[in-house]
Amino acid sequence: MQPRLAAKNCSLFETASTNKTMKPLNRRHFITRSAFGSALAGSGFFFHPIQRALAAPAPGSKNAEPLSLTTRQRVEASPGTGNYQITERQVQWNPRETAVIVVDMWDKHWCNGATSRVAEIAPRMNTFIHAARDRGVFVIHAPSSCMDAYKDHPGRKRAQNAPRAANLPPEIGEWCNKIPSEENGKYPIDQSDGGCDCEPKCEGGSPWRREVAAIEILDIDAISDSGVEIWNLLEEQGIKNVMIFGVHTNMCVLGRPFGLRQMSKNGKHAVLVRDLTDTMYNHKAWPYVNHFKGTELIVEHIEKFVCPTITSESLLGKPPFRFSADPRVPTATKL
Ligand SMILES: [Zn+2]
């Protein structure tokens, strides 16, 4: 999709504040300290996902099993050489200090090809979200421009009612087109035609109304398309780490007020879940590679200049998602 907000070059780094203030008991403190949550915890009884989440360990609990993630970045061998090497690290994140942000997984896109790919990838995203939620990760759904559909949803009210953070970064409410580190490289694709590679070309428009139905939104999740609200939620919940995915990598996932650039430059430990995303890239535009190679090039750009990536395998223990039309050889692409 195209940015609706006025483009703003995030050319200045703000110093990320780590100030912590005393907070009232948050949602998860409350629910996990309830008798209901205690009764369910460890019972081994089969229960609904909401109840499993309720039964998850309390924030800061020593019993919370850390998320073990294999992160990937590309590091320049020596400055100015342009010789980047893949660096993988094993990191352990406290699930109670971690959120997933699901970006713009709309029910319908102006591009039919994009809508089809969303339908194909959404079930895997839903599986990943459930796995993360069951481990105690906080889930934020961000279907931009679709808030009307959720105006009475508890998750929407949770976002609106989150207390204003003391450390709201400047420009957190705005789109971010570029961060300074990206000046060190050349943006790898031409997306100036909007990225539709359908024949005939799709017409455009704004047909989205809500998040795609294949992704379940539970009452304990949050719903927002506001950078300010989402930052408030992250601070309220004590979130340091964010796993971001959705569509499209080269537009909203990078640039939204709650996207990779804003989260990374403002001091959150941000990662892109690189197999749970898609790109608006037309293979008939430079550099004239197939659609999925276009996504791979954007992922490489992110790993060089924005933040590390992971795959859904880290939580699900099964091979990363691949689109059925993706012709690339898995071992060659290192997905
Ligand atoms: Zn199209």
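Residues numbered from 1 in each chain as written. Predicted model: local features only at pLDDT ≥ 70, side-chain atom pairs only at ≥ 80, totals over all residues.

### Observations concerning the confidence of the model for the chain
If pLDDT is low for a region, its predicted coordinates should not be looked at in detail. Filter applied, for reference: pLDDT expresses how confident the predictor is about each individual residue, on a scale running from 0 to 100. C-beta atoms are first placed from the backbone for all residues, and any pair lying within 7 Å is then listed as a contact.
Mean pLDDT for the chain: 85, with 80% of residues reaching 70 or above. This stretch, residues 11–55, has a pLDDT under 50; its non-local contacts, to residues over four places away or in other chains, come to 48 contacts. The low-confidence segment residues 57–62, where pLDDT is below 50, has 12 contacts with residues more than four positions distant or belonging to other chains.

### Comments concerning helix α9 (residues 291–305)
For the record, the criterion: Helix and strand assignments come from DSSP, with helices taken as H or I runs of at least 4 residues and strands as E runs of at least 2, each series counted from the N terminus. Expected span of a helix, by definition, is 1.5 Å for each gap between consecutive residues, and there is one gap fewer than residues. Partly exposed residues are those whose C-beta has more than 12 but fewer than 20 other C-beta atoms within 10 Å; 20 or more makes a residue buried and 12 or fewer makes it exposed, with C-beta atoms placed from the backbone.
Between its first and last C-alpha, α9 extends 22 Å over 15 residues, near the 21 Å set by a 1.5 Å rise per residue. Here α9 lies mainly inside the structure; 11 of its 15 residues are buried.

### Quick look at the nonpolar core
Our working rule: By definition, a nonpolar core groups buried Ala, Val, Leu, Ile, Met, Phe, Trp, Tyr and Cys residues that connect through C-beta atoms lying within 7 Å of each other.
Counting 72 residues, the largest nonpolar core has Val100, Ile101, Val102, Met125, Ile140, Ile244 and Leu260 as its most contacted members. Of the residues forming this core, the biggest block, 8 residues, is contributed by helix α4 (residues 112–134). Once you skip the residues sitting within four places of it in the chain, Val102 turns out to touch Met125, Ile129, Ile140, His141, Ala142, Ile215, Phe245 and Gly246.

### Points about the environment of His269
Residue position: His269 is located in strand β7 (residues 269–278). Note: C-alpha distance between His269 and Cys307 (38 residues apart in sequence) is 8.2 Å. His269 has contacts with Lys240 and Asn241, leaving out every residue within four places of it along the chain.

### Quick word on the pairing of strand β3 (residues 98–103)
Look at any regular strand and the pattern is simple: side chains alternate between the two faces of the sheet. What counts here: The rule for pairing is simple: two strands pair if DSSP sees at least two bridges between them. Think of it like this: strands point away, you trace from the first strand over the helix to the second, and a clockwise trace means the crossover is right-handed.
Where burial is concerned, most of β3 is hidden: 6 out of the 6 residues are buried. Every second residue of β3 is oriented toward a common face, with Thr98, Val100 and Val102 on one face and Ala99, Ile101 and Val103 on the other, all of them buried. As judged from the 6 bridges shared by β3 and strand β6 (residues 241–247), these two strands associate in the parallel manner. Residue pairing for β6: Ala99 is matched across the bridge by Val242. With 5 bridges connecting them, β3 and strand β4 (residues 138–142) associate as parallel partners. Counted as the bridge partner of Ile101 is Ile140 from β4. Handedness of the β-α-β unit built from β3, α4 and β4 comes out right-handed.

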